[in-house]
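# Structural characterization, general
Each chain, written out:
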Amino acid sequence: MNAVLELQKNTSDGAATAVSAPFFVRGALVEGDDAVHRSRDLGVDFSTPRIDLDLVVPPRTETPPLLNVKLSEIIDFLVETGQRILDPNNHFIPTCIDRMSATHVLPRAVLEAQIKGAAAYLNKALLNEVVDQNFPDPRALDEWIKRQDHTGRRSFIRAFAPRLLHILPGNSPGVAVKSIAQGAMVKAVNLFKMSSSDPFTTVAILRTMADIDANHPIVRSMSAAYWRGGDAAIERILYRPQYFDKIVAWGGGDAISNVVKYLGPGLQLISFDPKTSISMVGSEAFASDSTIEDAADLASADVMVLNQEACVASRFVFVEAGPEAGDRFCGRLHARIAERAAASGDARPLDMELREQIDMLMMMDDEYRVWGRPDGKGVVIRSEQPVDFHPIGKTCNVVLVTSLDDAVKYVNVATQTVGFYPFDRIADYRDRLASGGAQRIVRLGEAGPSTIGNPHDAMYPLHRFVHWMAHEDGCAP
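Thresholds, definitions, all that
- Residues numbered from 1 in each chain as written.
- Predicted model: local features only at pLDDT ≥ 70, side-chain atom pairs only at ≥ 80, totals over all residues.
- Heavy atoms only, no water.
- Pairing = 2+ DSSP bridges.
- Helix = DSSP H or I, 4+ residues; strand = E, 2+ residues; numbered from the N terminus.
- Axes fitted to C-alpha atoms, helices over the stretch in contact; angles between N-to-C directions.
- Phe/Tyr/Trp six-rings, centres within 6.5 Å; stacked < 30°, edge-to-face > 60°.
- Buried < 20%, exposed > 50% of the residue type's maximum accessible area, 1.4 Å probe, protein only.
- Lys NZ or Arg CZ within 6 Å of the ring centre and 35° of its normal.
- Expected span 1.5 Å × (residues − 1).
- Core = buried A, V, L, I, M, F, W, Y, C linked by side-chain atoms within 4.5 Å.
- Contact = heavy atoms within 4.5 Å.
- Parallel < 35°, antiparallel > 145°, perpendicular 65-115°, else oblique.
- Left-handed = near helix turned anticlockwise from the far one by under 90°.
- Nonpolar A, V, L, I, M, F, W, Y, C, P; charged D, E, K, R; others polar.
- Polar contact = N/O pair within 3.5 Å; in protein donor to acceptor, adjacent residues only side chain to side chain.
- pLDDT = per-residue confidence, 0-100.
- Salt bridge = Lys/Arg side-chain N within 4 Å of Asp/Glu carboxyl O.
- Patch = residues over 30% accessible without salt bridge, like charges linked within 9 Å, V, L, I, M, F, W, Y side chains within 5 Å.
- Areas by Shrake-Rupley, 256 points an atom, 1.4 Å probe, with all protein chains shown as cover.
- Lys, Arg positive; Asp, Glu negative; His and termini not counted.
- Charge placed at Lys NZ, Arg CZ, Asp CG, Glu CD.

## Describing the sheet that holds strand 6 (residues 145-148)
- If you trace the three strands from one edge of the open sheet to the other, you get 6-7-20, paired in antiparallel fashion. Among the strands making up the open sheet, the edge pair consists of strand 6 and strand 20 (467-475). With direction set aside, neighbouring strand axes in the sheet form an average angle of 25°.
- For strand 7 (residues 153-160) and strand 20, the ladder comprises seven bridges, and the chain directions are antiparallel. By the bridge assignment for strand 20, Phe156 is matched with His471.

## Digging into the packing of aromatic side chains
- Under the criterion given, the structure shown has eight aromatic pairs.
- Ring geometry for Phe318 and Tyr410: centres 5.3 Å apart, planes at 15°, overall stacked. You can see Phe318 sitting in strand 14 (residues 314-320) and its partner Tyr410 sitting in the loop between helix 15 (404-408) and strand 18 (415-421), a full 92 residues away along the chain.
- A residue is classified by how much of its surface remains accessible, and Tyr410, at 25% relative accessible area, is partly exposed.
- Positioned over the ring face of Trp227 is Lys193, at 5.6 Å from the centre of the ring.
- For Arg432, the ring lying beneath its charged end belongs to Tyr429, and the centroid distance is 4.3 Å.

## A look at helix 4 (residues 92-103)
- Between its terminal C-alpha atoms helix 4 stretches 17 Å, which fits the 16 Å expected from twelve residues at 1.5 Å a residue.
- Where helix 4 is concerned, the buried positions are Phe92, Ile93, Cys96, Ile97, Asp98, Met100, Ser101, Ala102 and Thr103.

## Observations concerning the sheet that holds strand 17 (residues 395-401)
- On the basis of which strands lie adjacent, the open sheet formed by seven strands has the order 15-16-17-14-13-18-19 and mixed pairing. Each edge of the open sheet carries a strand with a single partner, namely strand 15 (369-371) and strand 19 (440-443). Strand-to-strand twist across the sheet, computed as the mean angle between neighbouring axes with direction ignored, equals 20°.
- Pairing analysis gives five bridges linking strand 16 (residues 379-383) to strand 17, with the strands arranged parallel. Residue pairing across strands places Val380 opposite Cys396, the latter belonging to strand 17.

## Thoughts on the nonpolar core
- Core analysis: the largest hydrophobic core is formed by 97 residues, its most contacted members being Leu78, Met185, Ile218, Leu238, Tyr239 and Ile247.
- Filtering out sequence-adjacent residues up to four positions away, Met185 remains in contact with Leu71, Ile74, Ile75, Leu78, Tyr121, Leu127, Val130, Val131, Leu141 and Leu462.

## Concerning the packing of helix 3 (residues 71-86) against helix 7 (residues 174-185)
- Running from N to C, helix 3 and helix 7 point in directions that differ by 160°, and their axes come no closer than 9 Å. The orientation of helix 3 with respect to helix 7, classified from their angle, is roughly antiparallel. Relative to helix 7, helix 3 is oriented so that their crossing is right-handed. Only Ala181, Ala184 and Met185 of helix 7 make contact with helix 3, whose side of the interface consists of Leu71, Ile74, Ile75 and Leu78.
- Here the contact of helix 3 with helix 7 is composed, by residue class, of seven nonpolar, no polar and no charged.

## Section: the side chain of Thr208
- Locating Thr208 in the fold gives a position in helix 8 (residues 201-212).
- In this structure the side chain of Thr208 is engaged in a polar contact, spanning 2.8 Å, whose partner is the backbone oxygen of Ala204.
- Filtering out sequence-adjacent residues up to four positions away, Thr208 remains in contact with Thr81, Arg84, Ile85, Asn90, Phe92 and Ile93.

## As for the confidence of the model for the protein chain
- Residue-level pLDDT values for the protein chain average 90, and 96% of them are 70 or greater.
- Confidence over residues 1-15 falls short of pLDDT 50; this stretch has 29 contacts with residues more than four positions distant or in other chains.

## Focus on helix 7
- The end-to-end C-alpha distance of helix 7 is 17 Å, a good match for the 16 Å that twelve residues give at a rise of 1.5 Å each.
- Among the twelve residues of helix 7, eleven are classified as buried, and the element is accordingly described as predominantly covered.
- Within helix 7, burial applies to Gly174, Val175, Ala176, Val177, Ser179, Ile180, Ala181, Gln182, Gly183, Ala184 and Met185.

## Description of the pattern of salt bridges
- Within the structure shown, the criterion is met by 24 salt bridges.
- A salt bridge links Asp137 to Arg139, with the shortest nitrogen-to-oxygen separation between them at 2.8 Å.
- The class for Arg139 is partly exposed, based on a relative accessible area of 45%.
- The salt bridge involving Arg340 is made with Asp297; its shortest N-O contact spans 3.3 Å. Note that Arg340 is positioned in helix 13 (residues 323-344) and Asp297 in helix 12 (residues 289-303), a separation of 43 residues in sequence.
- According to the relative accessible area criterion, Arg340 is partly exposed, its value standing at 31%.

## Some thoughts on the pairing of strand 10 (residues 222-225)
- Residues Met222 and Ala224 line one face of strand 10 and the alternating positions Ser223 and Ala225 line the opposite face, and both faces are buried.
- Pairing between strand 9 (residues 189-193) and strand 10: four bridges, direction parallel. For Leu191, the partnering residue across the bridge sits in strand 10 and is Ser223.

## Description of a negative patch on the surface
- On the surface, Asp351, Glu353, Glu356 and Asp359 cluster together into a patch of negative charge.
- The residue Asp351 is located in the loop between helix 13 and helix 14 (352-362) in this model.

## Describing the environment of Leu78
- Counting through the fold element by element, Leu78 comes out in helix 3.
- Each C-alpha atom, one on Leu78 and one on Met209, is 8.4 Å from the other, the two residues being 131 residues apart in sequence.

## Quick notes on the packing of helix 7 against helix 8
- For the pair helix 7 and helix 8, interaxial distance at closest approach is 8 Å and the crossing angle is 50°. As far as their axial angle goes, helix 8 and helix 7 are oblique. For the crossing formed where helix 7 meets helix 8, the hand is right-handed. Counted together, Ala176, Val177 and Ile180 of helix 7 and Thr201, Thr202, Ile205, Leu206 and Met209 of helix 8 form the full contact between these two elements.
- Class assignment of the residues belonging to the contact of helix 7 with helix 8 gives a composition of six nonpolar, two polar and no charged.

This is the structure we're talking about:
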């Protein structure tokens, strides 16, 4: 049954029925309606079973199930999982999308594309390339690697299976697939905390794996559950070094800050912090009507990644132009955003606070100009300084600058991706952008795709996930 219809069912007393979100614990599905929660974005109720903390945290006395499974075998199983995700006979995926459509801000078509796109990550050549880029010697995942330093002292090094607690984001269901694959490739014992926007995808993928082989070590290495972020009754128990080595956290500032208070010796945070991405458009874009059109189209592609829900989606476009040329660019950018918004089939009005901010700017014609309305169909705001709120919901702030040099001062450690035009000026700016804190620079229009195995948020994640273990063996005779 479609989740939207399911949520509209009435019980005998007339109350709405919450959609069910089961857990998955070390190979077994756990169902129940012991707790009712509310989704972050749409305020829709969903129900979950009670969390059995003894089950979701295997004792350290147990050898990690994947420790002695060859990486090649793990990748083969992941590849088969990717094929099963796309199999039309796999009913776990459409059921997941039905339910997620009721709790997630993204429209159904985008959610379907996200999961299909994530399945493409489970590709043998791709996964091997990710491993090769993350580890100087990938054999360390399978065995103890012998080395000897220049003094003759010998040792053995192993990328040992870690114990990871993943706090998954709510904006991108595709991250669940990637997180499961990465947790498997480093042979981790994994607990996934799902988000209130998507308490379904992770379980659907794990059920797909269990349908292939319920006793496979990957399946026995994975658990997925939901609890409200900040629930001290659960987190003060789970967030301890005797249970986990590292917390891999995606999410907003509140989510990260909540984890930080539990950190201490033996428990590390690997944080995919909240990020803001931007675009930089040079004066070359104004050489002709055609170049303005091209630059606006490329910029709109970066603004509209996942309907501007993704961290890589551009929110501020710094344009090297005066007011007249800048306004021509803004008009065309707004038209392209509106076209992409219409194609996505999603036009939810912006939340009240953002609508009020935009309405206020519309009355300040001397400092700002606004294209569009806060109706979810796209808004472009032109200004000479960045607005002091977070553009979201297909909202873009075009900031006019005399030179792109002036835009560099707005780059900081929260700047993830910078889309740049014209392409031949990128090399002139990449060192300065990196010095400011930016983590990725791409051609304008290419914020969404990424090179396989590249660093993410200025790090190689898999290399940081593992527990690096050294066995010192003294000096050679």
